[in-house]
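# An overview of the molecular structure
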Amino acid sequence: MKVVAFNGSPNAKGNTYHSIEIVCEQLRKQDISTEIIHVGSRNVNGCMSCAKCFKNKDGRCGRHEDINDWIEAAVNADGLIFGSPVHFSGVAGNMKSFLDRLFYVSFANGNLLRHKVGASVAAVRRSGGINTCDEINHYIQYSEMFMPSSNYWNVIHGAAPGEVLQDSEGVQILTILGENMAWLMKLIENGKGSIAAPAKHKKVSMNFIRK
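Read on for a plain summary of the structure.

The rules we used
- Residues numbered from 1 in each chain as written.
- Predicted model: local features only at pLDDT ≥ 70, side-chain atom pairs only at ≥ 80, totals over all residues.
- Heavy atoms only, no water.
- Salt bridge = Lys/Arg side-chain N within 4 Å of Asp/Glu carboxyl O.
- Helix = DSSP H or I, 4+ residues; strand = E, 2+ residues; numbered from the N terminus.
- Buried < 20%, exposed > 50% of the residue type's maximum accessible area, 1.4 Å probe, protein only.
- 1 Å grid on protein atoms, 1.4 Å probe; cavity = no way out; pocket = protein on both sides within 12 Å on 5 of 7 lines; lining within 4 Å.
- Points joined across faces, edges and corners; volume = space filled by probe spheres on them.
- Nonpolar A, V, L, I, M, F, W, Y, C, P; charged D, E, K, R; others polar.
- Expected span 1.5 Å × (residues − 1).
- Contact = heavy atoms within 4.5 Å.
- Phe/Tyr/Trp six-rings, centres within 6.5 Å; stacked < 30°, edge-to-face > 60°.
- Pairing = 2+ DSSP bridges.
- Right-handed = clockwise from strand over helix to strand, strands pointing away.

### So, the pattern of salt bridges
A complete count under the given rule lists 7 salt bridges for this structure. A salt bridge links glutamate 21 to arginine 28, with the nearest nitrogen and oxygen atoms 2.8 Å apart. Of the charged contacts in the structure, one is a salt bridge between aspartate 100 and lysine 96, with a shortest N-O distance of 3.0 Å. In this pair, aspartate 100 and lysine 96 are both assigned in helix α4 (residues 93–108), 4 residues apart and thus about one turn of the helix distant. Of the residues examined, aspartate 100 reaches a relative accessible area of 28% and is grouped as partly exposed. We classify lysine 96 as partly exposed; its relative accessible area is 28%.

Below you can see the structure in the form of structure tokens.
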């Protein structure tokens, strides 16, 4: 099994990276391979609502090629971690653009991320971490992914790079998150073939304003 983590920080080895690594360390202890993809340093275009992904049905963004390798990595993974620093109590801009497009392409192609395990992580100096995790969780929940939990919200605190490692409670939170994520992934993997998965439903969309 494999987990792909997306680092939404502009800094390749900043606190978001260290936060993701805490989770990944626990996954590797359970023989789950990990890969960290650095999203935050790339100039990621936002979704243009061109709907080419709905038309082409090839699991790719039809307008820009900049993230298609990342989409492929996400689709081929068993679990996903989305880590972001906190910018004005929310997800960093490049990461938000990536999430919009990744999940839109997934939905356009029949919900490619359905029943994968997904977790959010926020690294913050002071406040806004819960808001950021909640924002990421919206994507995870919308896609019928499964979320492991910990003994608190998945937020860790620090300012200078590596300072989050001094947040003993934060380190424990993310350690437990990694342990629970590995366990949940193994439960799902071991249940395949013996317990039938729920049938996929066609999405019902309703507009409240009628013309």
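Past the structure itself, the notes keep going.
### What to know about empty space enclosed by the protein
By the definition in use, this model includes 1 cavity of 30 Å³ or more. Of the pockets and cavities examined, the largest cavity occupies roughly 110 Å³. Lining of the largest cavity is provided by 14 residues; of these, Cys47, Met48, Cys50, Cys61 and Arg101 occupy positions nearest its centre. Top element by residues in the lining of the largest cavity is α4. It accounts for 3 residues. When the residues that make up the lining of the largest cavity are grouped by side-chain class, the tally is 8 nonpolar, 4 polar and 2 charged.

### Focus on α4
Between the first and last C-alpha of α4 there are 23 Å, a value that for 16 residues agrees with the 22 Å anticipated at 1.5 Å per step. All buried positions along α4 are accounted for by Met95, Ser97, Phe98, Leu99, Arg101, Leu102, Phe103, Val105, Ser106 and Ala108. The inward-facing, buried residues of α4 abut β1 (2–7), α2 (52–56), α3 (68–76), β3 (79–85) and α5 (129–142). One or two residues past the end of α4 sits glycine 110, with phi positive at roughly 90°.

### Observations concerning the packing of aromatic side chains
Applying the stated rule across the entire model yields 9 aromatic pairs. Between the aromatic rings of phenylalanine 6 and phenylalanine 98, the centroid separation amounts to 4.8 Å while the plane-to-plane angle is 45°, which identifies the pairing as tilted. Placement of phenylalanine 6 in strand β1 and of phenylalanine 98 in helix α4 is noted, with a sequence separation of 92 residues between them. Comparing phenylalanine 6 with phenylalanine 98, the two get one shared label, buried. Aromatic ring contacts, followed pair by pair, group Phe6, Trp70, Phe82, Phe98, Phe103 and Tyr139 into a single cluster.

### Notes on the pairing of β3
Of all the 7 residues making up β3, 7 are buried; the element is thus mostly covered by neighbouring parts of the structure. Every second residue of β3 is oriented toward a common face, with Gly79, Ile81, Gly83 and Pro85 on one face and Leu80, Phe82 and Ser84 on the other, all of them buried. Of the pairings in the sheet, the one linking β1 to β3 comprises 5 bridges and is parallel in character. Note that in β3 the partner of phenylalanine 6 across the bridge is phenylalanine 82.

### Details of the pairing of strand β4 (residues 117–124)
On any regular strand, side chains alternate: one points to one face of the sheet, the next to the other face. For β4, a buried count of 8 out of 8 residues is recorded, marking the element as mostly surrounded by other parts of the structure. The two faces of β4 match: Val117, Ala119, Val121 and Ala123 on one face and Gly118, Ser120, Ala122 and Val124 on the other face are all buried. Of the strand pairs in this sheet, β3 and β4 are connected by 7 bridges, and their pairing is parallel. The residue bridging serine 84 from the neighbouring strand is alanine 122, located in β4. Running through α4, the crossover from β3 to the neighbouring parallel element β4 is right-handed. Examined bridge by bridge, β4 and strand β5 (residues 155–157) share 3 bridges and lie parallel to one another. When the sheet's bridge partners are listed, valine 124 is paired in β5 with histidine 157.

The analysis is restricted to geometry; functional conclusions fall outside its scope.
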